[in-house]
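Residue-level listing of the chains:
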Amino acid sequence: MYKKILVPLDGSGLAECVFQHVKEIAKGCEAGEVELIYVVAPFNAPFSEFAQSSDIMDGGDVRSFGAEKYEKWAKEYLDNTAKSFIKDGVPAKSIVLRGTPADVILNYTKDNAIDLIVMSTQGRSGPAKYTLGSVADRVLRQAVAPVMIVRPQECQVTL
């Protein structure tokens, strides 16, 4: 049923909470490929320091990291993640793109015949959700493919 599964990642442990779900779905559906996508947001975007900070980069502000270095880091991160999927018998590839994360994910889904999107949500509510926005919420509401949102208890963020 699901031949192409898209997994948007941001380098955070929270985003990685979807891995076991994705692997089980991919194996069960004999998916042709899991596509791991990382979207590098414009560095001048409002709140880009929140959107692009990750556990792996120690939560640093990526604007000081440099766009080229950041894309290289994202590619290495996704390549290593894809290797772990392949090691577990799940075909995977990595894609790094630039743009506004929700827009890029939605367009990529349309343009590449994605059958399922699996992503995590940060579980923010109230003012934090509206101030920082929610990529998962926008993707859930606008995607042309089914969307599975994973929010395990052990990965919830409290503010």
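Above this text sits the structure in question.
The shown structure was predicted, so the numbers you read here are calculated from the model rather than taken from an experiment.

Asks: Hey, could you run me through helix α1 (residues 19–29) in this one?
Replies: Because an α-helix completes one turn every 3.6 residues, residues spaced three or four positions apart along the sequence face the same direction. When α1 is considered as a whole, its buried residues turn out to be Phe19, Val22, Lys23, Ile25 and Ala26. Viewed end-on, α1 has its buried residues packed into an arc of 170°, placing them on one side of the element. Buried residues along α1 sit against β1 (4–9), β2 (33–40), α3 (67–87), β4 (116–120) and β5 (147–150). Once α1 finishes, Glu30 follows within two positions and takes phi at roughly 50°, a positive value.

Asks: How should the pattern of salt bridges be read in this particular structure?
Replies: As a working rule, side chains carrying opposite charge can pair if their charged atoms are close by. Applying the stated criterion across every chain yields a total of 6 salt bridges. The shortest N-O distance in the salt bridge between Glu71 and Arg98 comes to 2.0 Å. Taken together, the positions of Glu71 in helix α3 and Arg98 in strand β3 (residues 92–98) put the pair 27 residues apart, joining distant regions of the chain. For Glu71, a relative accessible area of 22% puts it in the partly exposed group. With relative accessibility at 52%, the residue Arg98 sits in the exposed group. Salt-bridge contacts for Arg141 lead to Asp137; the nearest nitrogen and oxygen are separated by 3.0 Å. Of this pair, Arg141 and Asp137 are both found in helix α6 (residues 135–142), 4 residues apart, which corresponds to roughly one turn of the helix. Classification of Arg141 by relative accessible area gives exposed; the value is 64%.

Asks: Even after reading the chapter, I still don't get the packing of aromatic side chains, so can you show me in this structure?
Replies: In this description, a pair of aromatic rings is defined by centroid distance and the angle of the planes. Within the structure shown, the criterion is met by 6 aromatic pairs. Arranged with centres 5.9 Å apart and planes meeting at 75°, the rings of Tyr38 and Tyr70 form a pair that is edge-to-face. Here the residue Tyr38 occupies a position in strand β2, and Tyr70 occupies one in helix α3, the gap between them amounting to 32 residues. Judged by relative accessible area, Tyr70 falls into the buried class, the value being 0%. Over the face of the ring belonging to Phe85 we find Lys23, whose NZ or CZ atom lies 4.9 Å from the ring centre.

Asks: What is the right way to look at the packing of helix α4 (residues 101–111) against α6 in this model?
Replies: To characterise two packed helices, one gives the angle between the axes of the helices and the distance between these axes. Contact geometry for α4 and α6: axes closest at 9 Å, N-to-C directions at 30°. Regarding the angle of α4 to α6, the classification is roughly parallel. The crossing of α4 and α6 is right-handed. In contact with Pro101, Ala102, Asp103, Ile105 and Leu106 of α4, α6 contributes Val135, Arg138, Val139 and Gln142. Considered class by class, the residues forming the contact of α4 with α6 number 6 nonpolar, 1 polar and 2 charged.

Asks: Honestly, the sheet that holds β1 in this entry has me stumped. Any pointers?
Replies: Within a sheet, neighbouring strands are paired by backbone hydrogen bonds and run either parallel or antiparallel to one another. Read across the sheet, 5 strands follow the order β3-β2-β1-β4-β5 without closing on themselves; strand pairing throughout is parallel. Each having just a single partner strand, β3 and β5 make up the two edges of the open sheet. Recorded for the sheet is a direction-independent mean angle of 25° between the axes of neighbouring strands. With 6 bridges joining them, β1 and β2 adopt parallel strand pairing.

What counts and what doesn't
- By convention here, each chain's residues receive numbers from 1 onward along its written sequence.
- In keeping with the predicted nature of the model, local features appear solely for residues at pLDDT of at least 70, side-chain atom pairs appear and are counted solely at 80 or more, and the whole-chain, interface and lining totals rest on all residues.
- Here the side-chain values reflect all heavy atoms present in the structure, with hydrogen atoms and water set aside.
- Burial status follows relative accessibility: with a 1.4 Å probe on protein chains alone, a residue under 20% of its type maximum counts as buried, one over 50% as exposed, and anything between as partly exposed.
- Here a helix means four or more residues in a row that DSSP labels H or I, a strand means two or more in a row labelled E, and each is numbered from the N terminus.
- To be clear, the arc concerns the directions from the helix axis to the C-beta atoms.
- The criterion used for residue contact is that any of the two residues' heavy atoms lie within 4.5 Å.
- The term salt bridge refers to a side-chain nitrogen of Lys or Arg lying within 4 Å of a carboxyl oxygen of Asp or Glu.
- Only Phe, Tyr and Trp rings take part, Trp by its six-membered ring, and two of them pair if their centres are within 6.5 Å. Stacked means planes under 30 degrees apart, edge-to-face means over 60, and tilted covers everything else.
- Any Lys NZ or Arg CZ found within 6 Å of a ring centre and within 35 degrees of that ring's normal is scored as a charge over the ring.
- Axis lines are fitted to C-alpha atoms, over the contacting stretch for helices. Their N-to-C directions set the angle, which ranges from 0 to 180 degrees.
- Under this scheme an angle from 65 to 115 degrees is roughly perpendicular, one under 35 degrees roughly parallel, and one over 145 degrees roughly antiparallel; angles in between are oblique.
- Take the far helix as the reference: if the near one is turned anticlockwise from it by less than a right angle, the crossing is left-handed, and if turned clockwise, right-handed.
- When residues are sorted by character, Ala, Val, Leu, Ile, Met, Phe, Trp, Tyr, Cys and Pro go into the nonpolar class, Asp, Glu, Lys and Arg into the charged class, and all the rest, Gly among them, into the polar class.
- Whether two strands pair depends on DSSP finding at least two bridges between them.

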